[in-house]
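One letter stands for each residue in the lines below.
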Amino acid sequence: MNIHKPYLLSLLLLALCLSLASCDDGKAKQEKGAKQVSALEIKPVNVPLTAELSGRVSAFRKAEVRPQVSGILKEQLFTEGAMVTQDQSLYKIDPDTYLAEAERARAEVSSASAKLDAATLRRNRHAALLKTKAVSQQSYEDTTVEYLQAKANLEVAKAALRTAEIQLRYTDVLAPITGRIGKSSVTQGALVTANQAAPLAVIQQLDPVYVDMTQSSLAMLKLRERYAEGRLIRPGKGQTEVRLRLETGTMYPVTGHLRFADISVDESTGAVLLRSVFPNPDSILLPGMYVRAIISEGMQVDAILVPQRAVRRTPKGDASVFVLGADNKAEERQVETGEVVGRSWLITSGLKAGDKVLVDGTDGLRHGSLVQVTKTLDADSPESSAADRAD
């Protein structure tokens, strides 16, 4: 019996080795069948949120130049497209008719003044004679009435003179504001009429300029709710900053500020008008230009960001992500997305701190599939969504 003991011991060792080899082989096969993925561990952060809205540029001030008297245009005194200053002479209308009318009115004033002097003398003379009963009371009252009528006639003549002088002054068409003037709609020799419908030219002040944006009333209501719940911290007490993206895709170099939000909602669009003001020293922004306005909404507290490439969409638009579950198995989880922050989605529900979201290598992945995390993305790495939020 003692002879067989070494033999039995050898058999036991051989069986143990075979069992261990079988386990190692099973584990290797299991790892070989796992899909290789990269994962990002969720770490809530505070991020600034912005809204990108469509907008149009409009002039800060705009004035249409119209004649206030009728006549033949004798001269144009400005260069089209140039800067003009307030009260600068732009057009000259033939003043001869209005000059003659002013001279006639001036003569009427002189005549009325002379009549008033005569009426004053008669009244004073009758007043002296009345004391000695040399004239009747009725005669004195008649001269008094003549005096008052002459005085009123003088005031009427002076008013007519002022009107004639104003009309004469209006033959010199002045710029109502300082700004850049456009093309002239008339030429020398044209007949213009007082308060005509078509303007002679248009002046626009282009520094600064307005940028008018529209935001849905629903978005504004949701924003108010988040402020009230404390999930979003309002921007500073100062003016809200606004940035512009031009049609070329480049950013406008100067920052503007929000001026006001309209108090009514457009019934046809359900949107509210927001107006901002931008310096425009180089006249880059022109009236009517389309821009994208990026307005600061505030700081999102404990935000959960997930790269857009990690979020899957169903045909109905429902969002989901894969997270690393127990036993290294992929777990599909439904999530709700909010705003886009850079190249990341802001997740409003469905994820929590510590969850590991599978980012890359999820093509063809199913719920319960075995995965192997070959790369763990850091929240601050260039490959993660957190870095993309500054985009």
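Just so you know, these numbers come straight off a predicted model, no measurement behind them.

### Section: the pattern of salt bridges
Logical step 1: All told, the structure shown has twelve salt bridges when counted by the stated rule.
Logical step 2: Each of Glu 331, Arg 333, Lys 352 and Asp 355 takes part in a single network of salt bridges with overlapping partners.

### Remarks on the pairing of strand 3 (residues 71-76)
Logical step 1: Bridging between strand 3 and strand 8 (residues 191-192) involves two bridges; their strand directions are antiparallel. In the strand pairing of strand 8, Ile 72 is matched with Leu 191.
Logical step 2: Relative to strand 5 (residues 89-93), strand 3 runs antiparallel, the two sharing three bridges. Across the sheet, the residue bridging to Gln 76 is Tyr 91, located in strand 5.

### Remarks on the packing of helix 2 (residues 96-131) against helix 3 (residues 137-169)
Logical step 1: With their axes 8 Å apart at the nearest point, helix 2 and helix 3 run at an angle of 165° to one another. One finds that helix 2 runs roughly antiparallel with respect to helix 3. Like other packed secondary-structure pairs, helix 2 and helix 3 cross with a definite hand, here left-handed.
Logical step 2: Here the residues of the contact of helix 2 with helix 3 are counted per class, giving 19 nonpolar, nine polar and ten charged.

### Some details on the sheet that holds strand 6 (residues 172-174)
Logical step 1: In spatial order, the strands read 6-5-3-8; together these four strands make up an open sheet with antiparallel pairing. Each edge of the open sheet is held by one strand with a lone partner, namely strand 6 and strand 8.
Logical step 2: Pairing geometry for strand 5 and strand 6, over three bridges, is antiparallel. In the sheet register, Lys 92 faces strand 6, and the bridge partner there is Asp 172.

### Digging into helix 2
Logical step 1: Taking 1.5 Å per residue as the helical rise, helix 2 with its 36 residues ought to reach 52 Å, and the 53 Å between its terminal C-alpha atoms agrees with that figure.
Logical step 2: Where helix 2 is buried, its residues contact helix 3.

### Side note on the environment of Asp 302
Logical step 1: Its place among the elements puts Asp 302 in strand 14 (residues 290-307).
Logical step 2: Relative accessible area serves as the criterion here: at 53%, Asp 302 is assigned to the exposed category.
Logical step 3: Sequence separation between Asp 302 and Lys 43 is 259 residues; the distance between their C-alpha atoms is 8.5 Å.
Logical step 4: If we ignore the near neighbours within four places in the chain, the residues touching Asp 302 are Pro 44, Val 45 and Asn 46.

### Digging into the packing of aromatic side chains
When we look at a pair of aromatic rings, we describe it by the centre distance and by the angle of the planes.
Logical step 1: Overall, the coordinates contain three aromatic pairs when judged by the stated rule.
Logical step 2: A centroid spacing of 5.3 Å and a plane angle of 85° characterise the contact between Phe 78 and Tyr 91, whose relative ring orientation is edge-to-face. Within this pair, whereas Phe 78 is found in the loop between strand 3 and strand 4 (83-84), its partner Tyr 91 is found in strand 5, the two being separated by 13 residues in sequence.
Logical step 3: Judged by its relative accessible area of 8%, Phe 78 falls in the buried class.
Logical step 4: The exposure class of Tyr 91 is buried, given its relative accessible area of 0%.
Logical step 5: When the ring centre of Trp 345 is taken as reference, the NZ or CZ atom of Arg 313 above it lies at 5.0 Å.

### Points about the confidence of the model for the protein chain
Logical step 1: Here the protein chain shows a mean pLDDT of 84. Residues at 70 or above account for 87%.
Logical step 2: Helix 5 (residues 385-388) is the least confidently modelled element of the protein chain, averaging 41 in pLDDT, while strand 5 averages 95, the highest of any element.
Logical step 3: Contacts for the low-pLDDT stretch residues 21-30, under 50 throughout, to residues beyond four places or in other chains number one contact.
Logical step 4: For the stretch residues 385-391, pLDDT sits under 50, and the model shows 22 contacts to residues farther than four places along the chain or on other chains.

Here is what the cut-offs are and how they apply
The residue count restarts for each chain, going from 1 along the sequence in the order it is written. With pLDDT at 70 or above as the cut-off, local features in this predicted model cover only qualifying residues; side-chain atom pairs require 80 or more to be listed or tallied, and sums for whole chains, interfaces and linings still use all residues. Computation of side-chain values: all heavy atoms of the structure, hydrogens and water removed. The term salt bridge refers to a side-chain nitrogen of Lys or Arg lying within 4 Å of a carboxyl oxygen of Asp or Glu. Only strands that DSSP links by at least two bridges are regarded as paired with each other. Starting at the N terminus, helices and strands are each numbered in turn, a helix being any DSSP run of H or I of at least four residues and a strand any DSSP run of E of at least two. Helix axes are fitted to C-alpha atoms over the stretch in contact, other axes to C-alpha atoms as well, and angles between N-to-C directions run from 0 to 180 degrees. Convention used here: angles under 35 degrees read as roughly parallel, angles over 145 as roughly antiparallel, angles from 65 to 115 as roughly perpendicular, and any remaining angle as oblique. Should the near helix be turned anticlockwise from the far one by less than a right angle, the crossing is left-handed, and should it be turned clockwise, the crossing is right-handed. Three residue categories are used. Nonpolar comprises Ala, Val, Leu, Ile, Met, Phe, Trp, Tyr, Cys and Pro, charged comprises Asp, Glu, Lys and Arg, and polar comprises the others, including Gly. Between the first and last residue of a helix there are one fewer steps than residues, each counted as 1.5 Å, and that sum is the expected span. Throughout, a residue-residue contact means that at least one pair of heavy atoms, one from each residue, lies within 4.5 Å. Type-normalised accessible area, obtained with a 1.4 Å probe on protein chains alone, sets the label of each residue: buried when under 20%, exposed when over 50%, and partly exposed for intermediate values. Centres within 6.5 Å make a pair out of two Phe, Tyr or Trp rings, where for Trp the six-membered ring is used; the pair is then stacked when the planes are under 30 degrees apart, edge-to-face when over 60, and tilted otherwise. Either the NZ atom of lysine or the CZ atom of arginine qualifies as a charge over a ring when it sits within 6 Å of the ring centre and within 35 degrees of the ring normal. Confidence per residue, as judged by the predictor, is encoded in pLDDT with a range of 0 to 100.

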